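# Structure assessment
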Amino acid sequence: MNPFFKQVYAVVERIPHGKVMSYGQIALMLGSPRGARQVGWAMRCCPGHLPWQRVVMADGSIAGGLYADIRKSLLEAEGVVFLPDGRIDMKTCRVKEILWNTR
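Now for a quick tour of the structure. None of these values were measured; they are calculated from a predicted model.

## Topic: the overall build of the chain
Secondary structure summary: the chain contains 5 helices and 2 strands in total. What you see in the chain, going N to C, is helices and strands ordered as α-β-α-α-β-α-α. Projected onto the principal axes, the alpha-carbon positions of the chain cover approximately 35 × 30 × 25 Å. Here the chain, with 103 residues, has 39% of them falling under the buried criterion. Nonlocal contacts in the chain, meaning residues at least 24 apart in sequence, comprise 62% of its contacts between residues at least 6 apart. A total accessible area of about 6,400 Å² is found for the chain, and carbon and sulfur atoms account for 55% of it.

Here it is as structure tokens:
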């Protein structure tokens, strides 16, 4: 597996219930500030046991083509707050940081 993809999945695995992160936020966290598209490619192959629905566009839009409705339903069930225009309220729901387990 691509090492960058593994790093992406390690971050996605730690996104808490009811919170989201953007593709660009994950890329920046991994030291690749212009790597949002690469994170997107990783998410296309994301293992099903990870909370893939919690990775969204920076403006709170939901990507996912055919899976966008499923993603929105899963996020709503987690209590993610949506704005009237259908985007996620990123001020309320965006993860500020991921704490890595250093033990």
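So much for the structure itself; the text now carries on.
## Some details on helix α1 (residues 3-12)
Of all the positions in α1, only Phe4, Phe5, Val8, Tyr9, Val11 and Val12 are classed as buried. Angular distribution of buried residues about the axis of α1 spans 155°; they occupy a single face of the element. Exposed residues on α1 whose side chains face more than 90 degrees from its buried face are Pro3 and Lys6. Buried residues along α1 sit in contact with β1 (21-22), α2 (23-29), α3 (36-44) and β2 (55-56). Between the side-chain oxygen at the start of α1 and the backbone nitrogen of Phe4 there is a gap of 2.7 Å, and the oxygen is on Asn2.

## Overview of the packing of aromatic side chains
A complete count under the given rule lists 1 aromatic pair for this structure. Their ring planes at 65° and their centres at 6.3 Å tell us that Phe5 and Tyr9 sit as a pair that is edge-to-face. Of the two residues, Phe5 and Tyr9 are both situated in helix α1; the distance of 4 residues between them amounts to about one turn of the helix. Like Phe5, the residue Tyr9 is buried in the burial classification. Here the guanidinium or amino end of Arg44 rests over the ring plane of Trp41, the centre of that ring lying 4.7 Å away.

Calculation rules
- Residues numbered from 1 in each chain as written.
- Predicted model: local features only at pLDDT ≥ 70, side-chain atom pairs only at ≥ 80, totals over all residues.
- Heavy atoms only, no water.
- Helix = DSSP H or I, 4+ residues; strand = E, 2+ residues; numbered from the N terminus.
- Buried < 20%, exposed > 50% of the residue type's maximum accessible area, 1.4 Å probe, protein only.
- Contact = heavy atoms within 4.5 Å.
- Areas by Shrake-Rupley, 256 points an atom, 1.4 Å probe, with all protein chains shown as cover.
- Arc of directions from axis to C-beta.
- Polar contact = N/O pair within 3.5 Å; in protein donor to acceptor, adjacent residues only side chain to side chain.
- Phe/Tyr/Trp six-rings, centres within 6.5 Å; stacked < 30°, edge-to-face > 60°.
- Lys NZ or Arg CZ within 6 Å of the ring centre and 35° of its normal.

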